[in-house]
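# Commentary on secondary and tertiary structure
The primary structure of each chain is shown beneath.
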Amino acid sequence: MMHVKLEDLKFKYDGAQSYTIDGFSLEIEEGEIIALLGDSGCGKSTILRILSGLEDRVSGRIEIGGRAVLSESVFVEPEHRNVGLVFQDYGLFPHMTVEQNIVYGLKGMSKAEKKERLCEVLKLVKLEGVEKRYPHELSGGQQQRIALARAIAPKPKLLLMDEPFSNLDAGLKKKIREELRDIIKSEGITSIIVTHDLEDAEGTSDRIVSMN
Ligand SMILES: Nc1ncnc2c1ncn2[C@@H]1O[C@H](COP(=O)(O)OP(=O)(O)O)[C@@H](O)[C@H]1O
Ligand SMILES: [Mg+2]
């Protein structure tokens, strides 16, 4: 059974002339890392927004872990989709510490459980000890890892990353690509990484899906 299924997705932005997404389908196996590759403006971020539940008025069908989150009769709200999203600009809350950023999305846990999960994910991204810092006190690469830790903390069934390498130095990219892949694989999370860069796609994914 496929872990994630997108069937014939169609979507048009308000006031747009034509469909930004016009019949997009994709199947992903459990634990697989997909790179969604395509030129700027082809609709990659839109696909991630649709999967996250940030756009309604989408037609087609989406299944995650055997459950329909979008169909003719179903629309599951973002917070109930079990999807983790890392935005292109990381989207960390600037007025919150690293700890507050990561714990924010952990629902239905005791204080002690939250603390334990915080420590686990910080260890995973090799950033133990920064929990009291604010995002602006971290480098770009560190901010990215905190954004990843925040997305992974609630144990999502699907992890989405939008252009995770676009704000990083070229010299660091090879190492960061490998680290990112190792982290995702060690957690076994089914993932989609969006990029316009073939090397980033090849360096992180199990399979490349071209959107052009
Ligand atoms: N909020 C919006 N309203 C109208 N059009 C949008 C909006 N966001 C994106 N678009 C358009 O949709 C297309 C796809 O955008 P996007 O998914 O961001 O592409 P990509 O991430 O591949 O660069 C582009 O033509 C873009 O201008
Ligand atoms: Mg984009």
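Residues numbered from 1 in each chain as written. Chains lettered and ligands numbered in written order. Predicted model: local features only at pLDDT ≥ 70, side-chain atom pairs only at ≥ 80, totals over all residues. Heavy atoms only, no water.

- Under an unreviewed UniProt entry, the name given to the protein chain is ABC-type quaternary amine transporter, and the organism recorded is Andreesenia angusta.

### What to know about the nonpolar core
- Ile102, Leu122, Ile146, Leu148, Leu159, Met161 and Ile184 are the most contacted members of the largest nonpolar core, which totals 32 residues.
- Breaking this core down by element, the ones donating at least two residues are α2 (98–103), α3 (111–124), α4 (140–152), β7 (158–162) and α5 (170–187).
- Sorting elements by how many residues they give to this core places α4 first, with six residues.
- Once residues within four sequence positions are removed from consideration, Leu122 is found in contact with Val98, Ile102, Leu127, Glu128, Val130, Glu131 and Ile146.
- Membership of the second largest hydrophobic core comes to 29 residues, among which are Leu6, Leu9, Leu36 and Val209. (Core = buried A, V, L, I, M, F, W, Y, C linked by side-chain atoms within 4.5 Å. Buried < 20%, exposed > 50% of the residue type's maximum accessible area, 1.4 Å probe, protein only. Helix = DSSP H or I, 4+ residues; strand = E, 2+ residues; numbered from the N terminus. Contact = heavy atoms within 4.5 Å.)

### Some thoughts on the sheet that holds β7
- Taking strand neighbours across the sheet as the criterion, the five strands line up as β6-β7-β8-β3-β9 in an open arrangement whose pairing is parallel. Each end of this open sheet is capped by a strand with a single partner; those strands are β6 (83–86) and β9 (207–210). Averaged over all pairs of adjacent strands, the angle between strand axes in this sheet comes to 20°, irrespective of strand direction.
- For strand β3 (residues 33–37) and β9, the ladder comprises four bridges, and the chain directions are parallel. By the bridge assignment for β9, Ile34 is matched with Arg207.
- Against the sheet, helix α1 (residues 44–52) touches β3, β6, β7 and β8 (190–195), its axis set at about 150° to β7. (Pairing = 2+ DSSP bridges. Axes fitted to C-alpha atoms, helices over the stretch in contact; angles between N-to-C directions.)

### Overview of the packing of aromatic side chains
- Counted under the stated rule, the structure contains two aromatic pairs.
- The interplanar angle of 80° and the centroid separation of 4.8 Å between the aromatic rings of Phe11 and Tyr13 together place this pair among those described as edge-to-face.
- The exposure class of Phe11 is buried, given its relative accessible area of 0%.
- According to the relative accessible area criterion, Tyr13 is partly exposed, its value standing at 31%.
- Residue placement shows Lys12 over the ring face of Tyr19; its charged tip is 5.1 Å from the ring centre.
- Positioned above the aromatic ring of Tyr104, the side-chain terminus of Lys107 is 5.2 Å from the ring centre. (Phe/Tyr/Trp six-rings, centres within 6.5 Å; stacked < 30°, edge-to-face > 60°. Lys NZ or Arg CZ within 6 Å of the ring centre and 35° of its normal.)

### Focus: the side chain of Glu131
- The residue Glu131 is located in the loop between α3 and α4 in this model.
- For the buried Glu131, no salt bridge is present, and the opposite-charge side chain at shortest range is Lys115, 5.4 Å distant. (Lys, Arg positive; Asp, Glu negative; His and termini not counted. Salt bridge = Lys/Arg side-chain N within 4 Å of Asp/Glu carboxyl O.)

### Concerning the sheet that holds strand β2 (residues 21–28)
- Reading across from one edge, β2-β1-β4-β5 is the order of the four strands in this open sheet, with antiparallel pairing throughout. Two strands lie at the open edges of the sheet, namely β2 and β5 (67–70), each paired on one side alone. Each strand axis lies, on average, 20° off the axis of its neighbour in the sheet, ignoring direction.
- Relative to β2, strand β1 (residues 4–11) runs antiparallel, the two being bridged by six bridges. Opposite Val4, over in β2, you have Ile28 as the bridge partner.

### Quick notes on the environment of Arg57
- Note on placement: Arg57 falls in the loop between α1 and β4 (59–64).
- When the C-alpha atoms of Arg57 and Leu118 are compared, they prove to be 35 Å apart, with 61 residues separating the residues in sequence.
- Beyond its immediate chain neighbours, meaning those up to four positions away, Arg57 contacts Lys10, Phe11, Lys12, Tyr13 and Asp14.

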